[in-house]
Amino acid sequence: MNMMLSPDQVSFIGLAFETYVMEHHRNEILQIFQEASGDAHYPVVVNAMTLFEDNMEVGECFNAFPSQVLPVFDNALHRVAQTISQSSSSPQESFKLKHNLHVRISVSLRIRMLARCERELERDQMKL
């Protein structure tokens, strides 16, 4: 069965991720704005553990529907970049909004080990 995120889930994930990015990656986005090339692609690397600790429901949705959640993250990142650009007190000549921003999720060894333990527990429970 092919499950899809509901519109409410998409909205919730987007708003939660916007809040997270504004809190944890604002300075990184400002640094990207100062880069010379407007055509380059700029990753914003998000630590999965920090994100999931900040909002477990977003983490659960990401784990369940990664291919659906990543575009929501990218869209939220673009909204945050637009907000930062419009609210910045820096002169417009010093930085430019970049349109090729992309979220990259960094998964730590700890998360991989936890996921492996969960899979092993599920497998052991199925044997019972």
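Residues numbered from 1 in each chain as written. Predicted model: local features only at pLDDT ≥ 70, side-chain atom pairs only at ≥ 80, totals over all residues. Heavy atoms only, no water.

The name that an unreviewed UniProt entry assigns to the protein chain is Minichromosome maintenance 9 homologous recombination repair factor, with the source organism given as Cyprinus carpio.

Novice: Just to check I follow, could you spell out the overall build of the protein chain for this structure?
Specialist: Check the secondary structure of the protein chain and you find 6 helices and 2 strands. Traced from its N-terminal end to its C-terminal end, the protein chain shows the element sequence α-α-β-α-α-α-β-α. Expressed as a percentage of the 128 residues in the protein chain, the buried residues total 33%. Total accessible area on the protein chain stands at roughly 8500 Å², and carbon and sulfur atoms take up 53% of it. (Helix = DSSP H or I, 4+ residues; strand = E, 2+ residues; numbered from the N terminus. Buried < 20%, exposed > 50% of the residue type's maximum accessible area, 1.4 Å probe, protein only. Areas by Shrake-Rupley, 256 points an atom, 1.4 Å probe, with all protein chains shown as cover.)

Novice: Would you take a moment to explain the packing of helix 1 (residues 7–24) against helix 4 (residues 56–64) for this structure?
Specialist: To describe two helices that pack against each other, one gives the angle between their axes and the distance between the axes. Here helix 1 crosses helix 4 at 120 degrees, and the two axes come no closer than 10 Å. Between helix 1 and helix 4, the angle is such that the two are oblique. Of the two possible hands of crossing, helix 1 and helix 4 adopt the one that is left-handed. Contact with helix 1, carried on its side by Gln9, Phe12, Ile13 and Ala16, involves Glu57, Val58 and Cys61 of helix 4 and no other residues of that element. Tallied by class, the residues present in the contact of helix 1 with helix 4 amount to 5 nonpolar, 1 polar and 1 charged. (Axes fitted to C-alpha atoms, helices over the stretch in contact; angles between N-to-C directions. Parallel < 35°, antiparallel > 145°, perpendicular 65-115°, else oblique. Left-handed = near helix turned anticlockwise from the far one by under 90°. Contact = heavy atoms within 4.5 Å. Nonpolar A, V, L, I, M, F, W, Y, C, P; charged D, E, K, R; others polar.)

Novice: So what exactly am I meant to see when it comes to the packing of aromatic side chains here?
Specialist: What describes a pair of aromatic rings is the distance from one ring centre to the other and the angle between the planes of the rings. Counted by the stated rule, this structure contains 4 aromatic pairs. Between the aromatic rings of Phe17 and Tyr20, the centroid separation amounts to 6.1 Å while the plane-to-plane angle is 25 degrees, which identifies the pairing as stacked. Remark: Tyr20 and Phe17 occur in helix 1; sequence separation between them is 3 residues, near one turn of the helix. Across the pair, exposure class does not vary: Phe17 and Tyr20 are buried alike. Centroid distance Phe62 to Phe73: 6.0 Å. Interplanar angle 10 degrees. Geometry classified as stacked. Residue Phe62 is found in helix 4, and its partner Phe73 is found in helix 5 (residues 66–87); the two are separated by 11 residues along the sequence. Each member of the pair, Phe62 together with Phe73, is buried. (Phe/Tyr/Trp six-rings, centres within 6.5 Å; stacked < 30°, edge-to-face > 60°.)

Novice: Help me out: how do you make sense of the pairing of strand 1 (residues 42–47) in this one?
Specialist: Regular strands show a simple pattern: their side chains alternate between the two faces of the sheet. The alternating pattern of strand 1 places Tyr42, Val44 and Val46 on a buried face and Pro43, Val45 and Asn47 on a face that is not buried. Inspection of the sheet shows strand 1 paired to strand 2 (residues 101–106) by 6 bridges, in the parallel sense. In the sheet register, Val44 faces strand 2, and the bridge partner there is Val103. (Pairing = 2+ DSSP bridges.)

Novice: I would appreciate a short explanation of the nonpolar core in the present structure.
Specialist: Most often, soluble globular proteins have nonpolar side chains that are buried together. Core analysis: the biggest nonpolar cluster contains 29 residues, and Ile13, Phe17, Ile29, Leu51, Val69 and Phe73 have the highest contact counts within it. For this core, the secondary-structure elements that each account for two or more residues are helix 1, helix 2 (26–33), strand 1, helix 3 (48–54), helix 4, helix 5 and strand 2. Looking at this core, the element that brings in the most residues is helix 5, giving 8 residues. Once residues lying within four places of it in the same chain are set aside, the contact partners of Leu51 are Phe17, Tyr20, Val46, Val58 and Phe73. (Core = buried A, V, L, I, M, F, W, Y, C linked by side-chain atoms within 4.5 Å.)

Novice: Would you mind showing me how to read helix 2 here?
Specialist: Given 3.6 residues to a turn, an α-helix orients residues that are three or four positions apart in the same direction. For helix 2, the set of buried residues is Ile29, Ile32 and Phe33. The buried residues of helix 2 occupy one face: seen down the axis, they fall within an arc of 105 degrees. Turned more than 90 degrees away from the buried face of helix 2 sit Asn27 and Gln31, all of them exposed. (Arc of directions from axis to C-beta.)

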